[in-house]
Amino acid sequence: MITRSPANVQTNTIATRDEPALGWQTQLAQAIRDPRELCRRVGLEPSWLAGAERGHALFEVRVPEAYLQRIRPGDPQDPLLRQVLPRHVEDDTVAGFITDPLDEATQTPRQGVIHKYHGRVLLIASPACAINCRYCFRRHFPYQENSPSRAQWRDSLAYLRRDDSIREAILSGGDPLAANDRQLSWLVEQLADIPHLRRLRIHTRLPVVIPDRVDDALLDWLARTRLQTVVVLHINHANEIDDAVITACARLKALGVTLLNQSVLLHDINDSVDDLEALSERLFNAGILPYYLHVLDPVSGAAHFNVSDDGARRLIDELRTRLPGFLMPRLVREIPGEASKTAL
Ligand code: SF4
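This report concerns the structure included in the present document. Only a predicted model underlies this, so the values are computations on that prediction, with no experimental measurement involved. (Residues numbered from 1 in each chain as written. Predicted model: local features only at pLDDT ≥ 70, side-chain atom pairs only at ≥ 80, totals over all residues. Heavy atoms only, no water.)

## Here's the deal with the packing of helix H8 (residues 181-192) against helix H10 (residues 216-224)
Angle between the axes and distance between the axes are the two parameters that describe a pair of packed helices. Applicable threshold: Note on geometry: axes are lines fitted to C-alpha atoms, helical ones only across the stretch in contact, with angles between N-to-C directions running from 0 to 180 degrees. Helix and strand labels come from DSSP, where a helix needs a run of H or I of at least four residues and a strand needs a run of E of at least two; each type is numbered from the N terminus. Throughout this description, any angle smaller than 35 degrees is read as roughly parallel, any larger than 145 degrees as roughly antiparallel, any in the 65 to 115 degree range as roughly perpendicular, and the remainder as oblique. Residue contacts are counted whenever heavy atoms from the two residues lie within 4.5 Å of one another. Gly is put with the polar residues, along with every residue not named as nonpolar or charged; the nonpolar set is Ala, Val, Leu, Ile, Met, Phe, Trp, Tyr, Cys and Pro, and the charged set is Asp, Glu, Lys and Arg.
H10 packs onto H8 with a crossing angle of 5 degrees between their chain directions and a minimal axis gap of 10 Å. Considering their axes alone, H8 and H10 lie roughly parallel with respect to each other. Contacts between H8 and H10 involve Asp181, Leu184, Ser185, Val188 and Glu189 on the former and, on the latter, Ala217, Leu218, Trp221 and Arg224. Per-class residue counts for the contact of H8 with H10 are five nonpolar, one polar and three charged.

Pasting the structure below:
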């Protein structure tokens, strides 16, 4: 039920980027968290609301204004809207789709620490996200049990310090950049103080959904660390990359940060060769290299986003005929207990 009338489009009164920018924390606090408000702002017909409220009851809606501005009003098929709009199908029980598809609950040696792979340890640096993506494999993750206090962080840091096989600390979440810069600066200083750590990796969607997150305070602590820094962004569609995202990426690159991207292959969002080609091209224009294209992790509530393995392989084979090798993401699946991601 698409409502495309000009009158309806005008109801989506979105602030333009010419207006004075709010700080990222204000933008985060003001993110839309009400399905009714989301449906109204993107100009959906009322018939969408019941499904949105049902999905919201399972995993709350959260969409910041800067991301909302990139959604085409009045179009329920918009690839950005589909990533954030709760749907009634999230309540369906589908065989094989479970709450913890990566079995992370058994791989947490310390609160807030996930140690899955040799040489790399993942730290849950923030339980919060700036946006709630409906397909998220951590949509049921018990963040409240993994929000360490400063004392618990010291315990986690001691775990890293004791194991000199660990070369890389990965800040994850939630979204690690949802933490404030004072906390992050402290944590990164502690990590840099561990002699065998070489790299800091930050998995984040914040520079994409609120580009103003890449501000002077963030650049200040990033510039000071001795650790080689890799920022792995999460972008699924070319329409997510607007001028503000390109500017944020340029600021990170100016510090020598390596920028990579991981995407999730999502039905009716990016599961066409044209969409994937446009994404790789646009990523490279923004100074970001495509890294992974994940097939969907089978998390309950997200089965409607699934693309079959055969379909995924066909897409990647055709994509290979269109793009140079350095713009090809690796098609992978994460299998609990495996020593690395598994190529498809
Ligand atoms: S930003 Fe990442 S962790 Fe947060 S909801 Fe989206 S996919 Fe999940």
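## A closer look at the packing of aromatic side chains
The condition is simple: Aromatic rings from Phe, Tyr and Trp, with only the six-membered ring used for Trp, were paired whenever their centres fell within 6.5 Å, and each pair was classed as stacked if the ring planes differed by under 30 degrees, edge-to-face if by over 60, and tilted otherwise. When a residue's accessible area, from a 1.4 Å probe over protein chains only, is under 20% of the maximum for its type it is buried; when over 50% it is exposed; and in between it is partly exposed.
One pass over the structure, following the stated rule, counts three aromatic pairs. On the basis of an interplanar angle of 90 degrees and a centroid distance of 6.0 Å, the ring pair of Tyr135 and Phe305 is categorised as edge-to-face. With Tyr135 in the loop between strand S2 (120-126) and helix H7 (150-162) and Phe305 in the loop between strand S7 (289-294) and helix H13 (309-320), this pair connects stretches of sequence that are 170 residues apart. Of the two residues, Tyr135 and Phe305, neither departs from the other in class, the shared state being buried.

## What about unusual backbone geometry?
Look at the link from Gly173 to Gly174: it is a cis peptide, with omega at 20 degrees. Along the polypeptide, Gly174 turns up in the loop between strand S3 (168-173) and H8. Despite not being glycine, Asp268 has its phi angle at roughly 65 degrees, a positive value.

## Some points on a nonpolar patch on the surface
As a reminder of what qualifies: For patches, a residue must show more than 30% relative accessible area and have no salt bridge; joins then use 9 Å for like charges and 5 Å for nonpolar side chains, namely Val, Leu, Ile, Met, Phe, Trp and Tyr. Per-residue accessibility takes into account occlusion by the displayed protein chains alone, with areas from the Shrake-Rupley method and a 1.4 Å probe. Criterion for a salt bridge: a side-chain nitrogen of Lys or Arg within 4 Å of a carboxyl oxygen of Asp or Glu.
On the surface, Phe284, Leu289 and Phe326 cluster together into a nonpolar patch covering about 280 Å² of accessible area. Summarising the element assignment, Leu289 is placed in strand S7. Owing to a relative accessible area of 34%, Leu289 belongs among the partly exposed residues under this scheme.

## Some remarks on helix H12 (residues 273-285)
For clarity, the threshold we go by: Any helix carries an expected span of 1.5 Å times its number of residues minus one. Throughout, the arc means the angular range of directions from the helix axis out to the C-beta atoms.
The terminal C-alpha atoms of H12, which comprises 13 residues, lie 18 Å apart, in line with the 18 Å expected from a rise of 1.5 Å per residue. The complete set of buried residues in H12 reads Val273, Leu276, Leu279, Ser280 and Leu283. Buried residues in H12, looked at end-on, bunch into an arc of 130 degrees, giving them a common side. Exposed residues pointing more than 90 degrees away from the buried face of H12 are listed as Asp274 and Asn285. Downstream of H12 by one or two residues, Gly287 has phi in the positive range, about 85 degrees.

## Structural notes on the nonpolar core
For clarity, the threshold we go by: Take the buried Ala, Val, Leu, Ile, Met, Phe, Trp, Tyr and Cys residues and link them wherever side-chain atoms come within 4.5 Å; each set so joined is a nonpolar core.
Of all hydrophobic cores here, the largest spans 79 residues; its most connected members are Leu160, Leu171 and Leu191. Ranked by the residues each element gives to this core, the list is headed by H8, at six residues. With residues near it in sequence (within four places) discarded, Leu191 still touches Leu123, Leu157, Leu160, Ala169, Leu171, Leu197, Leu200, Arg226 and Leu227. Core analysis: the next-biggest nonpolar cluster, separate from the first, contains 14 residues, Leu293, Val295, Met328 and Leu331 among them.

## Digging into the side chain of Asn132
Here is the rule we go by: Under this definition, polar contacts are N or O atom pairs within 3.5 Å; protein pairs additionally need one hydrogen-donor-capable and one acceptor-capable atom, and for neighbouring residues in sequence, both atoms have to be side-chain atoms.
Summarising the element assignment, Asn132 is placed in the loop between S2 and H7. From its side chain, Asn132 meets the backbone oxygen of Glu60 in a polar contact 2.8 Å long.

## Considerations on the environment of Leu123
With respect to the element layout, Leu123 can be found in strand S2. By relative accessible area, Leu123 is classed as buried at 1%. Sequence separation of Leu123 and Ser172 is 49 residues, and the distance between their C-alpha atoms is 5.8 Å. Not counting residues up to four positions away in its chain, the partners in contact with Leu123 are Gly112, Val113, Trp153, Leu160, Ile170, Leu171, Ser172 and Leu191.

## Digging into the pairing of S7
Basically, it comes down to this: A pair of strands is treated as paired once DSSP finds two or more bridges between them. Here is how to tell: hold the view so the strands point away, follow the path from the first strand over the helix to the second, and if it runs clockwise the crossover is right-handed.
Of all six residues that make up S7, five are buried, and the element is covered over most of its length. By the bridge criterion, five bridges tie strand S6 (residues 258-264) to S7 in an arrangement that is parallel. Each residue of the ladder has a partner; that of Val264, found in S7, is His294. Since S6 and S7 lie parallel, the crossover through H12 that links them has a hand, and here it is right-handed. Examined bridge by bridge, S7 and strand S8 (residues 330-333) share three bridges and lie parallel to one another.

## Quick look at the pattern of salt bridges
Scanning the model with the defined rule gives 27 salt bridges in all. In this structure, Arg322 and Glu277 form a salt bridge, with 2.7 Å as the shortest nitrogen-oxygen distance. Highlighted residues: Arg322 in the loop between H13 and S8 and Glu277 in helix H12, separated in sequence by 45 residues. For the salt bridge of Lys341 with Glu334, the shortest nitrogen-to-oxygen distance reads 2.8 Å.

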